[in-house]
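For reference, the chains in residue letters:
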Amino acid sequence: MSRVIVIGAGAAGMMAAIAAADQGAQVVLVEKMDQPGRKLRITGKGRCNLTNTAPLKDFLSHIGPDGRWMRNCFAQFFNTQLMDFFEQRNVPLVEERGHRVYPRSGKSLDIFLALINDLEQRPNVEIHKNCAVKSLTDDRHGVRLQDGSSLRADAVIIATGGLSYPTTGSTGIGYRLALEAGHTVLPQVPSLVSLSCKEPIPADLVGFVLKNVRLSVTHTDGKKIFDEMGEMTFDNKAIDGPLVLSASRLVSRMLNNGETLLAHIDLKPALTTETLDHRLINDLNANGNRLFHDALRLWLPAEVIPLALDRLHIEYYKRLHQINGAERKRLLNFLKNVEFTLCGTGDYNTAVVTQGGVDTKEVNPKTMVSRLVPGLYFAGEVLNLDADTGGYNLQIAFSTGFAAGRAAALQPSAS
């Protein structure tokens, strides 16, 4: 019977342990925190969007830097297999908007309990809590622990996560272990994270949700990087929400490298500029005696009006019949292009995932085994794989964990 050590009891690590145990391996699951699955229990704001039912081709398009690398892994364990896995463990699931899959209860705790209960019932699985790994052994067939002791195995799976949500135990140790083993580790930046703005954001806007708007992000020369419709919100010094998180995956590295980018918000994406201009002319004529600050409610939610007044530089008490052509054009431009200068991102305390990690060119895409070190495997966020919001990242964690665990269990004995 082979012996497998799994470092990290998150989504990838727990799935790796289950897959290895299913193959008859003796599994030691090592977790530095006092409880496994801390990040899993808070994911999706506590609801746990565990996968997405998008077809494979579409699913792969949401993964960077090269989603095609996941093909072999998904061929073994993809969204339907993951859904079956949890439903067989008495966790009913439900599909919601955007093909996102959640536990029907709306509680991520149910996903965690299904995994941990499975592991705790297996006689061939040991779970070591409060057990921090210091390094791999020199021959890479074991780990040295912070307390000075060592554990030996035929295979070691590094499933330590990234740097996101460090309070859950994600400290990036997996990157150090990979480097010490001779692997290339690509620089990390926060991803699926808020984007910091140079311009002030009025207090009325903080926490307000803009729905059905278009967000685009461009270089200062106008070259477009991101352009999608959806919803977004505002923080004290940043833009946030689903649209912004999706944009951050494409721009986080640029911003963290010191580049300046521009965010453009189209508040009326369903109307062309010409159509909206005609509507403005009609509204101005029909409401000529209304005061400008009051009439802004014709076109904007109340929460956006302070920002409009600050940007438009139109007299507060001016009546609409006094609005000249240049002022109307400024209003038109505001409705179609509210601009913010982006100068950074939120940190790892708020980032959903980490971008960067172990170079996948040095990892077998079918088994997750290192191409450089026999018996060493990788799973989950420690790899240089990240995806959009929508269940894609957790599916990567579960699938790579499954593939690594199954392959590691078949690793020839080191003895």
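Just above sits the structure.
Residues numbered from 1 in each chain as written. Predicted model: local features only at pLDDT ≥ 70, side-chain atom pairs only at ≥ 80, totals over all residues. Heavy atoms only, no water.

The subject of this paragraph is the sheet that holds strand 9 (residues 142–145). Sheet architecture is open: three strands sit in the order 8-9-10, paired in antiparallel fashion. At either end of the open sheet lies a strand with only one pairing partner, and these are strand 8 (133–136) and strand 10 (150–152). For this sheet, the mean angle separating the axes of adjacent strands, direction not counted, is 25 degrees. Pairing analysis gives three bridges linking strand 8 to strand 9, with the strands arranged antiparallel. (Pairing = 2+ DSSP bridges. Helix = DSSP H or I, 4+ residues; strand = E, 2+ residues; numbered from the N terminus. Axes fitted to C-alpha atoms, helices over the stretch in contact; angles between N-to-C directions.)

What follows is about the pattern of salt bridges. Going through the model one piece at a time under the given rule, you end up with 18 salt bridges. Where Asp118 meets Arg89, a salt bridge forms, and the shortest distance between an N and an O atom there is 2.9 Å. Of the two residues, Asp118 is situated in helix 6 (residues 108–120) and Arg89 in the loop between helix 5 (79–87) and strand 5 (93–96); the sequence distance between them amounts to 29 residues. Here Arg89 falls in the partly exposed class, since its relative accessible area comes to 25%. Two residues, Lys224 and Asp227, come together in a salt bridge whose shortest N-O distance is 3.6 Å. (Salt bridge = Lys/Arg side-chain N within 4 Å of Asp/Glu carboxyl O. Buried < 20%, exposed > 50% of the residue type's maximum accessible area, 1.4 Å probe, protein only.)

Another point: the packing of helix 1 (residues 11–22) against helix 13 (residues 392–409). Packing of helix 1 against helix 13 leaves a shortest axis separation of 7 Å and a crossing angle of 35 degrees. By crossing handedness, the relation of helix 1 to helix 13 is classed as right-handed. When helix 1 is examined against helix 13, the residues Ala11, Ala12, Met15, Ala16, Ala19 and Ala20 are found in contact with a partner set consisting of Leu394, Ala397, Phe398, Gly401, Phe402, Gly405, Arg406 and Ala409. Taken together, the residues of the contact of helix 1 with helix 13 break down into eleven nonpolar, two polar and one charged. (Left-handed = near helix turned anticlockwise from the far one by under 90°. Contact = heavy atoms within 4.5 Å. Nonpolar A, V, L, I, M, F, W, Y, C, P; charged D, E, K, R; others polar.)

A few words now on the nonpolar core. In summary, soluble globular proteins display a tendency toward joint burial of nonpolar side chains. If you look at the biggest cluster of nonpolar residues, it comprises 90 residues, and the most contacted ones within it are Leu50, Phe86, Leu115 and Phe398. It is helix 13 that contributes the most residues to this core, eleven residues altogether. Discounting residues that sit within four places of it in the chain, Phe398 has contacts with Ala11, Met15, Leu50, Phe77, Leu82, Phe86, Ile111 and Leu115. (Core = buried A, V, L, I, M, F, W, Y, C linked by side-chain atoms within 4.5 Å.)

Let's shift gears to the environment of Gln81. Following the sequence through the fold, Gln81 ends up in helix 5. Overall, the relative accessible area of 31% leaves Gln81 in the partly exposed class. As for Gln81 and Arg47, which are separated by 34 residues in sequence, their C-alpha atoms are 20 Å apart. Of note is the side chain of Gln81, whose polar atom sits 3.1 Å from the side chain of Thr80. (Polar contact = N/O pair within 3.5 Å; in protein donor to acceptor, adjacent residues only side chain to side chain.)

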